[in-house]
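Breakdown of the fold
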Amino acid sequence: MNNENQARLRVAIQKSGRLSEQSQEVLKNCGLRFARSKDKLFWYGRDFPVDLLLVRDDDIPRLLLDGVCELGIVGENIAWEVMLDRGREDGLERLSPLGFGHCRLSIAVPEQSGITDIKELDGVRVATSYPALTHNLLQKSGVEAEISELSGAVEIAPSMGTADAISDLVSTGTTLRANHLKELQVLFRSEAALYSRTGDLGREKQALIDLLISRLNGVMQARASKYVMLHAPKDALEKITELLPGVEYPSVMPLEGSDRIAVHAVCGETVFWEHLEALKAAGASAILVLPVEKMLA
Ligand code: ATP
Ligand code: ZN
């Protein structure tokens, strides 16, 4: 595969921060291996023609739009901020959500504030690191706030007296509570996703992207799936099959010298304790739940 004239892809991921570890992990699970360079900003793809560029997350959409990289892993919040900042709602294409980096962009006000509805934010000072996204979403609710951009420490703006409300990323709400702020309304829900720029990338690069996405789908599907093995009475098979989440056709094997059977199945949905308890109540025993590493449909 290491033909010098062969097309290569560049993938931009966050160098260090909330998304960096899981971005590396998901690419590793797709079978990509990298030779790390000394400065650690460029990792050369070893046995697959895909290289990595490690950058600040805010720079990723721009690198895609400028054609420096073909793919990038970034929060939807950043992708939308950059698109809207250019006055557009396109330019970047979300190829696949990745199931990590979940957060929400929320409007929050001081606990003592008289503001109880975002409709009351008309003409009010709102501090945020996401001015374009906040402006766009408030405007869609018919609100014209006075938005001021801050690159960090947005949550302290109200107590500093420089804003009456904030629009900030929240995951657990701990930071808001620590700053005596209450969440008024969620404006936008975000997770990390694989992005490319819209438009033709050429046949060879597109073929590599398609292959990578097919592997990525396998990784995502495997992550949600579990392999379940159990023993059950023969006459409980129908009931047991109904109780296995996301299973239509399990493998069924006789257990020598017993009126019980062994049932094996790949569950396509999350297997909760409640499922296992219901299976046990239906007569199942020796229930084992195993992770699925890779899957190719
Ligand atoms: P960089 O140095 O790369 O610019 P950063 O400080 O801007 O890093 P992080 O705090 O690492 O970025 O957040 C990266 C992304 O993680 C966010 O853009 C968002 O998509 C996601 N994220 C998930 N939960 C949160 C949260 N509670 N607060 C902020 N971002 C979050
Ligand atoms: Zn950033």
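Here, every reference points to the structure presented above.
Description of the structure in this document. (Residues numbered from 1 in each chain as written. Chains lettered and ligands numbered in written order. Predicted model: local features only at pLDDT ≥ 70, side-chain atom pairs only at ≥ 80, totals over all residues. Heavy atoms only, no water.)

**Looking at helix 7 (residues 203-224)**
Note the following rule: Only runs of H or I of at least four residues qualify as helices and only runs of E of at least two qualify as strands under DSSP, and these elements are numbered from the N terminus. The span one expects for a helix is its residue count, reduced by one, times 1.5 Å. Note on exposure labels: buried denotes an accessible area under 20% of the residue type's maximum, exposed denotes more than 50%, and partly exposed covers the range between, all computed with a 1.4 Å probe on protein chains only. Only heavy atoms matter for contacts: two residues are in contact if any of them lie within 4.5 Å across the pair.
Its 22 residues give helix 7 an end-to-end C-alpha distance of 32 Å, which sits within 8% of 32 Å, the value for a rise of 1.5 Å per residue. All of the buried residues in helix 7 are Leu208, Ile209, Leu212, Ile213, Leu216, Gly218, Val219 and Ala222. The secondary structure elements touched by the buried residues of helix 7 are strand 1 (9-14), helix 1 (20-29), strand 5 (71-75), strand 6 (92-97) and strand 12 (192-197).

**As for the site of ligand 1**
Note the following rule: Distances are taken per atom, and a residue is near a molecule or strand as soon as one of its heavy atoms is within 4 Å of it. For this analysis, a polar contact is any N or O atom pair within 3.5 Å, provided that within protein one partner can donate a hydrogen and the other can accept it, and provided that sequence-adjacent residues contribute only side-chain to side-chain pairs. Reported accessibility uses the Shrake-Rupley method at a 1.4 Å probe radius. Residues are deemed covered only where the shown protein chains occlude them.
The immediate surroundings of ligand 1 are formed by 16 residues, with Arg18, Arg56, Asp58, Asn77 and Ser171 found nearest. Within the contact set of ligand 1, an oxygen atom lies 2.8 Å away from a side-chain nitrogen or oxygen of Gln14. Side-chain polar atom of Asp57 to an oxygen atom of ligand 1: 2.9 Å apart, as the coordinates give it. Protein chains shield 77% of the accessible area of ligand 1, which is 630 Å² for the free molecule.

**Considering the pattern of salt bridges**
We apply this condition: The working definition used for a salt bridge is a side-chain nitrogen of Lys or Arg within 4 Å of a carboxyl oxygen of Asp or Glu.
Within the structure shown, the criterion is met by nine salt bridges. As a salt-bridge pair, Arg8 and Asp51 come within 2.8 Å of each other at their nearest N and O atoms. Linking Arg8 in the segment before strand 1 with Asp51 in strand 4 (residues 50-55), this pair joins segments that are 43 residues apart in sequence. Note that Lys140 is salt-bridged to Glu89, the shortest N-O span being 3.7 Å. Of this pair, Lys140 sits in helix 4 (residues 131-140) while Glu89 sits in the loop between helix 3 (76-85) and strand 6, and the two are 51 residues apart along the sequence.

**Re the pairing of strand 13 (residues 226-233)**
What counts is decided by this rule: One requirement defines pairing of two strands: DSSP has to find at least two bridges between them.
Both strand 13 and strand 15 (residues 260-267) contribute to a ladder of eight bridges, which runs antiparallel. Paired with Val228 across the strands is Ala265, a residue of strand 15. Here strand 13 pairs with strand 16 (residues 285-291) via five bridges, running antiparallel. For His231, the partnering residue across the bridge sits in strand 16 and is Ser285.

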